[in-house]
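Structural characterization, general
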Amino acid sequence: MTREKLKILILEDVKSDADLIMLQFEYMDFDPVFKVTCKKDEYLNLLETLNPNLILSDFNVPSFDGMQALKILRERDPITPFIFVTGTLGEENAVEAIKTGATDFIAKDRVEHLPAAIIKAFREKKEKVIRMKEEAKFRALIENSSESTIIVNEDTSVKYVSPSIKKILGYNQEEFLEASIFTHFPQEEISERMKVLKKVLKSSNKEAITDECKIRTKAGEYIWVSAILSDQRKTDGIEGVV
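Below, the structure is looked at part by part. (Residues numbered from 1 in each chain as written. Predicted model: local features only at pLDDT ≥ 70, side-chain atom pairs only at ≥ 80, totals over all residues. Heavy atoms only, no water.)

**Quick look at the nonpolar core**
Inclusion rule: Side-chain atoms within 4.5 Å are what join buried Ala, Val, Leu, Ile, Met, Phe, Trp, Tyr and Cys residues into a set we call a nonpolar core. Type-normalised accessible area, obtained with a 1.4 Å probe on protein chains alone, sets the label of each residue: buried when under 20%, exposed when over 50%, and partly exposed for intermediate values. Helix and strand labels come from DSSP, where a helix needs a run of H or I of at least four residues and a strand needs a run of E of at least two; each type is numbered from the N terminus.
Grouped together as the largest cluster of nonpolar side chains are 21 residues, with contacts concentrated most on Leu-9, Tyr-43, Leu-47, Ile-55, Phe-82 and Phe-84. The element best represented in this core is helix H3 (residues 66–76), accounting for 5 residues.

**Observations regarding the side chain of Asp-231**
Here is the rule: Pairs of N or O atoms within 3.5 Å make up the polar contacts considered here, provided that, within protein, one atom can donate a hydrogen while the other can accept it, and that residues adjacent in sequence are counted only when both atoms are side-chain atoms.
Along the chain, Asp-231 falls in strand E10 (residues 231–232). Within the local environment of Asp-231, its side chain forms a polar contact with the side chain of Arg-233, the two groups lying 2.7 Å apart.

**Quick notes on the pattern of salt bridges**
We count it as follows: The rule for a salt bridge is simple: a side-chain nitrogen of Lys or Arg has to be within 4 Å of a carboxyl oxygen of Asp or Glu.
What the rule picks out here adds up to 14 salt bridges. Asp-31 is the partner of Lys-5 in a salt bridge, and the nearest nitrogen-oxygen pair spans 3.1 Å. With Lys-5 in strand E1 (residues 4–11) and Asp-31 in strand E2 (residues 30–37), the pair connects residues that are 26 residues apart, well separated along the chain. The exposure class of Lys-5 is exposed, given its relative accessible area of 55%. By relative accessible area, which is 27% here, Asp-31 ends up partly exposed. Residue Lys-15 pairs with Asp-19 through a salt bridge whose shortest N-O separation is 2.8 Å. With Lys-15 and Asp-19 both in helix H1 (residues 15–23) and 4 residues apart, the pair spans about one turn of that helix. With a relative accessible area of 62%, Lys-15 lands in the exposed category.

**Description of unusual backbone geometry**
Positive phi is not limited to glycine here, since Asn-51 has a value of about 50 degrees. Looking at the element boundaries, Asn-51 is found in the loop between helix H2 (40–49) and strand E3 (54–57). Overall, Asn-51 belongs to the partly exposed group, its relative accessible area being 48%. A positive phi angle, close to 75 degrees, is found at Thr-156, a residue other than glycine. The topology assignment puts Thr-156 in the loop between strand E6 (150–152) and strand E7 (158–161).

The quantities given are spatial measurements derived from coordinates; they are silent on function.
In structure tokens:
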């Protein structure tokens, strides 16, 4: 049976640590290709020439640390797994790394846990690719529709509005995103619209609710629109009320 090729970039300045990391792949069903470096220029070059499937990095590397390497990767690639294999990290650094896009952390004295972390990372990558494809389909659908789609956060701020808002209300997308959705309704109807939003947020199974309401155009006039609302806060790529 042919094993899957895996291109692995290791950012590590201690040869024995890099050797121990590479040893873990003997227990995995991959055909690995390793490149090891501790220099920024080589790392940048290998991102282009190797196009790695996986990056394993120490946190502290002389003259070029793992956090820098992570930020560089995430600027160009949101999904390739980046796992820290490090001796010291600390809670503050761990939080920052997660926010920056680190996939996982493995302590060097527990490097035997690395294979399981890699399998988990590739499973999550596959799931993320599926979500990104679904989001792209959703965006393509709504951005080419003559009807307008608006995604609202729980705090009533507008998260997204489709380009057709220009034709319907006269606003460009940036203008409509500047304020709460309720600033576009007549003052006397805001309390009723709030009730509708609360009903949507309490509804089960993403039940759609229809609402007829007046909304202000950019020219200052109010027009009647028919809206279909549903709670999509737990839907990847949407995460709001549509």
